[in-house]
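Observations on chain architecture
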Amino acid sequence: MIPVPDGQTPREWQIAAFRALGAAVRDGVYRPFIQACTGAGKGTFLAGLAAYFHGRRCRVMIRVHRRELIDDLADRVRRLGVPCGIVQGDRRQWLADVVVVSVQTIALCVPQIPQFDVVITDEAHHAPAPTYRKTLEHIERMQRRANRRGGRVLHIGLSANDFRADGRGGTVGLSDDFDATIFRYPVPDAIADGVLVHPVGIKIETDCTLAGVAVTRSGDFDEHELAAAVNVPPRN
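Residues numbered from 1 in each chain as written. Predicted model: local features only at pLDDT ≥ 70, side-chain atom pairs only at ≥ 80, totals over all residues. Heavy atoms only, no water.

1. Section: the side chain of Thr-105
Counting through the fold element by element, Thr-105 comes out in helix H4 (residues 103-106). A residue is classified by how much of its surface remains accessible, and Thr-105, at 9% relative accessible area, is buried. Polar side-chain contacts of Thr-105 include one of 3.0 Å to the backbone nitrogen of Gly-89. Ignoring sequence-local partners within four residues, the contact set of Thr-105 consists of Val-87, Gln-88, Gly-89 and Arg-92. (Helix = DSSP H or I, 4+ residues; strand = E, 2+ residues; numbered from the N terminus. Buried < 20%, exposed > 50% of the residue type's maximum accessible area, 1.4 Å probe, protein only. Polar contact = N/O pair within 3.5 Å; in protein donor to acceptor, adjacent residues only side chain to side chain. Contact = heavy atoms within 4.5 Å.)

This is the structure we're talking about:
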């Protein structure tokens, strides 16, 4: 069973995903991908995975794309009774058995990254990016050098998306970075399970327009330009 804090019960999708992961690893899948919609509870699931593998005497790295999530995820791991370090900015707590890391920070100190048995990547649709691949390749070399667990690193990816924008208006899949999508939990299933509520759309008519708002290489609107366009009195 996947660990959860005292007083909590794992959601059905978390139990099913955990079982699917176990079956995949037993079948030799060392780069499994799990797709779960936003709001389903991936943070609790990530922390539970880290605690589980820590209990199996593995060193675990959790790669986080957004800096504001680092402390929250580390706290979730600690609430499961597992010591957890952080590597972000000036914090370089590499010696902990479970470490939550900022992708931006470790990209600047790849040679300092020690050996890890398990790498869990949040927002794993970013995995094809050069910074992600460079750090994982280093960890794989360290694992082979240490000759731990057959020299193999278990790389688990989680995200709501199983594709990545290619910077040219299209998308690319993740098959070069993950062996298989072993579990999916889409929005309709989460609504049916009561994990999410039915969406309610509200139309607001104003003269605001998104024309001229820059689009980033990832296909998203530039956050600052978008805020300037929509955070205005007529819409507030």
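2. So, the environment of Thr-44
Along the chain, Thr-44 falls in helix H2 (residues 42-55). Put simply, Thr-44 and Val-197 are 153 residues apart on the chain and 19 Å apart in space, counted from C-alpha to C-alpha. In contact with Thr-44, other than residues within four places in its own chain, are Val-4, Gln-8, Gln-14 and Arg-76.

3. Examining the pairing of strand E1 (residues 32-36)
Across the five residues that make up E1, a large majority, five, are buried. Burial of the side chains of E1 extends over both faces: Pro-32, Ile-34 and Ala-36 are buried on one face and Phe-33 and Gln-35 on the other. Of the strand pairs in this sheet, E1 and strand E7 (residues 154-159) are connected by three bridges, and their pairing is parallel. Paired with Gln-35 across the strands is Ser-159, a residue of E7. (Pairing = 2+ DSSP bridges.)

4. Focus on the sheet that holds strand E5 (residues 98-102)
Read from one edge of the open sheet, eight strands run E4-E3-E5-E2-E6-E7-E1-E10, paired in mixed fashion. Every interior strand has two partners, whereas the edge strands, strand E4 (91-92) and strand E10 (180-185), have only one. As paired elements, strand E3 (residues 84-88) and E4 share two bridges and run antiparallel to each other. Within E4, the residue paired with Val-87 across the bridge is Arg-92. This element, H2, spans E1, strand E2 (60-64), E5, strand E6 (118-122) and E7 of the sheet and lies at about 165 degrees to E7. Where helix H5 (residues 130-146) meets the sheet, its contacts fall on E2, E6 and E7, and the angle it forms with E2 comes to roughly 175 degrees. (Axes fitted to C-alpha atoms, helices over the stretch in contact; angles between N-to-C directions.)

5. With respect to the packing of H2 against helix H3 (residues 70-78)
Packing of H2 against H3 leaves a shortest axis separation of 9 Å and a crossing angle of 50 degrees. With respect to each other, H2 and H3 are oriented oblique. Between H2 and H3 lies a crossing of right-handed hand. Touching Gly-43, Thr-44, Leu-46, Ala-47 and Ala-50 of H2 are Leu-73, Arg-76 and Val-77, all from H3. (Parallel < 35°, antiparallel > 145°, perpendicular 65-115°, else oblique. Left-handed = near helix turned anticlockwise from the far one by under 90°.)

6. Describing the packing of aromatic side chains
In the structure shown here, the tally under the stated rule is seven aromatic pairs. Residues Trp-13 and Tyr-185 carry aromatic rings whose centres are separated by 5.4 Å and whose planes lie at 15 degrees to one another, so their mutual orientation is stacked. Within this pair, whereas Trp-13 is found in helix H1 (residues 12-26), its partner Tyr-185 is found in strand E10, the two being separated by 172 residues in sequence. Taking the relative accessible area as the measure of exposure, Trp-13 reaches 3% and is therefore buried. Residue class for Tyr-185 comes out buried when judged on its relative accessible area of 5%. (Phe/Tyr/Trp six-rings, centres within 6.5 Å; stacked < 30°, edge-to-face > 60°.)

7. Digging into unusual backbone geometry
Non-glycine residue Arg-57 carries a positive phi angle of around 65 degrees. Looking at the secondary structure, you find Arg-57 in the loop between H2 and E2. Although it is not a glycine, Glu-123 sits at a positive phi angle of roughly 50 degrees. Structurally, Glu-123 can be placed in the loop between E6 and H5.

8. Describing the pattern of salt bridges
For the structure on display, the rule yields nine salt bridges. For Arg-78, the salt bridge identified is with Asp-75, shortest N-O distance 3.0 Å. Linking Arg-78 with Asp-75, this pair stays in helix H3, spanning three residues, or about one helical turn. For Arg-78, a relative accessible area of 36% puts it in the partly exposed group. (Salt bridge = Lys/Arg side-chain N within 4 Å of Asp/Glu carboxyl O.)

9. Quick word on a nonpolar patch on the surface
Taken together, Val-200, Ile-202 and Ile-204 make up a surface patch of nonpolar side chains, about 360 Å² in accessible area. On the secondary structure map, Ile-204 appears in the loop between helix H6 (187-192) and helix H7 (223-230). Among the residues examined, Ile-204 registers a relative accessible area of 48% and is labelled partly exposed. (Patch = residues over 30% accessible without salt bridge, like charges linked within 9 Å, V, L, I, M, F, W, Y side chains within 5 Å. Areas by Shrake-Rupley, 256 points an atom, 1.4 Å probe, with all protein chains shown as cover.)

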